[in-house]
Structure formats: C-alpha cells, structure tokens
Amino acid sequence: MQWRHDTNAIHSQSPLPRIRTTGGCRGPRGSRFRHSTLIMDRSTPPQVLGAPFLGFMLGSILFGVALLQTYQYFLHYVQDSRWRKTLIAVICGLDSTHLVFSAIMMYSSFSSPSGFSNDNYLWTLKGFATSKALLIVLVQGYYLLVIWRFARNITLDRVVSKVIQFLSVLVFLYATGVAIAFLTYLEQVKSFYSFSVSFQNMIFIGFGSTVLIDCTIAATMSFLLFKTSSGNSKKSRSVIRFLVMFFIGTGLLTAIAAIATIAVYVSRPSTVLYLGIEFSVPRLYANSILVMFNSKERLRKKMQATTELQLSSKLLFEDFSDPQEEGVP
C-alpha cells in the first residue's frame, strides 16, 4: 500500500507552505510509506505579522501624541477662528479614522488563521489608504496656501511672486489629481499582497509625488522666510532659523517615510511589510501641523518683537485675511 500527498491540492496562491513527498521507508508487511517534507513556496507571500504589528504600535503612540496636541490646541486657542478650528478637527478626524481602520486590519489578521490572506477585510485597506490620502492632501494644501500668501504679500520681484503663486496652485491641483487617481485604482485592488501592474505604477507615482511636493514645500518656505528677514537682528535670525529647520525637518521626515515605503515594497512586493511604515505616515503629517499651531503663541511673541518679522508672523499664524488691508507693513 502506498500513501501519497497530492501537492496540486494546495492552491498556488495559498500563503501556506507546500508539502513535497521525498523518499520513503518500509513499513510492516513490506508496505512502503512516503514521508513528507515542508518546503516553503517562495512564490507565495509569507505571513509576516511582526513588522506591521510594530508599525501599528508606533502609529498608535504617535496618534496619542497627535490627540494630546489637538486637546492642547482647543484648550489654549479658544479665540481662534472657526475656519482654523474646523481644519484641526478634520485633521484629527481623518487621523482617528485611519487608526480605526488600522486597528480592525490588525485584529482581523491576528484573529483569522489565514491572516492578511483573508480578503474579507480588504475594505480596511481601502479605508486606511483613503483616509491617509485625504489627510496628506489637506496638510499639503494648507502649506501651499501659506506659501501663496507669502508670495502675494512679502517684497519680492513681481515675476518671482507671480510664478510662486501660480506654482502653488498648480502643485495643489496636481496633488489632488494624483490622490483621486490613486483612490480610483485602489478600488480595483483584490488582495493585500497581489497588486496589478497599473496599481503598482500608481503607487510609485503617488509616493514619488509626495516626496517631490514635500521637499518643494520645505525649500520654498525656507526661501520665503529668509526673504522676510533681511535685517541683522539676532532675535529675528534665530526665529527664522528655527522655522526653516522645522519646515525642512518635517518635509524630509515625510519624504524619507515615503521613500522607505517604496523601497520596502519593491524589495518584498509579496508581503505586507510596507504596512509597518504606512501605519505611522499620517501621524507625521498631523503632528507637523499641530506642533506648528500649538507653538504659534510663543513664536508669534518673538516675531512680533521685531518689525521685520511682523508680516511673517501674521502670514503664518493669523487667519486668512489680507495683511496689507489690516495695516501690517
């Protein structure tokens, strides 16, 4: 009697290892038993849960920081405009939505024997990516609006001012278009692991655009801030240096996160290792803008103390009215 394992019984897309029969041994009455060896099928995605779990834990910690920042803002800036409060509330809401989808995704992966191969929870990935894309476009749009205001109100060559204003609008429209295209392709995704070629290209375009836009925002804000500080005041130089370091630091941090996500996905495309980074990315954007708003009182006092930075202070921290119409030089 001969026992044989049918290796074709295991679906080619199963994340479980294949069973391969190798050799055999003699049993009682001369019967021959085939023994099996577990061989990992390298073409199937392994169940890697460690990296996404650690990324989820880090993202949860950063969410706690963002939640604290939001609480401090509403506690200390009661007099801020409704527009500003709505912006903060929407950012916090999108960040919270992203965390909810992340938590359901991780719970389903640990509670189901098939882990991330359980496509019944694919909707969590789509909701997760949608809330992240909306949050990123919202934060980038705010910074681009600040750049547009700077270019419109500070002393610049007329051509340079018009070019920066035009590019600010163009970049925002481009970011919005990329986000819409990304979400459109996202609806076609059928698995946590296997993405179509068109969606993979959209991933590269989306993350590459994020890197380019974030670096552009950081460089342009630094240029405009230096243009507003033409004097030799030590106090003004220190404030401008701090703001430049803030914008460059946050821009580089989000850009590095996007590059790291692409690198991980390219190196291990059949795994969910990319989620280890993606769980934290929206928190970086949310915390960057919340930190700026919560530090505005301290920075505004320093900037208002020097005449040359009063306009910059108003453009950065005040509501979106025309500073020139309010008598600011």
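Up top is the structure these notes are about.
Residues numbered from 1 in each chain as written. Predicted model: local features only at pLDDT ≥ 70, side-chain atom pairs only at ≥ 80, totals over all residues. Heavy atoms only, no water.

(A) Geometry of the overall build of the chain. Across its full length, the chain carries 10 helices and four strands. Listed by position from the N terminus, the elements making up the chain come as β-β-β-β-α-α-α-α-α-α-α-α-α-α. For the chain, the residues scored as buried account for 46% of the 329 residues in total. Pairs at least 24 apart in sequence give 72% of the contacts found in the chain among residues at least 6 apart. (Helix = DSSP H or I, 4+ residues; strand = E, 2+ residues; numbered from the N terminus. Buried < 20%, exposed > 50% of the residue type's maximum accessible area, 1.4 Å probe, protein only. Contact = heavy atoms within 4.5 Å.)

(B) Highlighting the packing of aromatic side chains. In total, this model carries 17 aromatic pairs according to the counting rule given. When the centroid spacing of 6.1 Å and the interplanar angle of 65° are considered together, the rings of Y142 and Y143 count as edge-to-face. One aromatic cluster is present, formed by Y73, F74, Y77, W83, Y142, Y143, F246, F247 and F293 through successive ring pairs. (Phe/Tyr/Trp six-rings, centres within 6.5 Å; stacked < 30°, edge-to-face > 60°.)

(C) Molecular detail of the side chain of S209. Tracing the backbone through its elements, the reader meets S209 in helix α5 (residues 197–228). Here S209 falls in the buried class, since its relative accessible area comes to 6%.

(D) Region of interest: the packing of helix α4 (residues 158–186) against α5. Across the interface, α4 lies against α5 with an axial gap of 10 Å and an inter-helix angle of 155°. Comparing their axes, α5 and α4 come out roughly antiparallel. The two elements α4 and α5 cross, and the hand of that crossing is left-handed. In contact with I164, V171, Y174, A175, V178, A181, F182, Y185 and L186 of α4, α5 contributes S198, F199, M202, I203, I205, G206, S209, I213, T220, F223 and L224. Classifying every residue of the contact of α4 with α5 by side-chain character gives 16 nonpolar, four polar and no charged. (Axes fitted to C-alpha atoms, helices over the stretch in contact; angles between N-to-C directions. Parallel < 35°, antiparallel > 145°, perpendicular 65-115°, else oblique. Left-handed = near helix turned anticlockwise from the far one by under 90°. Nonpolar A, V, L, I, M, F, W, Y, C, P; charged D, E, K, R; others polar.)

(E) Up close: the pattern of salt bridges. A full pass over the atoms with the stated rule returns two salt bridges. Across the pair D95 and R283 runs a salt bridge, and its minimum N-O distance is 2.6 Å. With D95 in helix α2 (residues 82–111) and R283 in helix α8 (residues 281–294), this pair connects stretches of sequence that are 188 residues apart. R283 carries the same exposure label as D95, and that label is buried. (Salt bridge = Lys/Arg side-chain N within 4 Å of Asp/Glu carboxyl O.)

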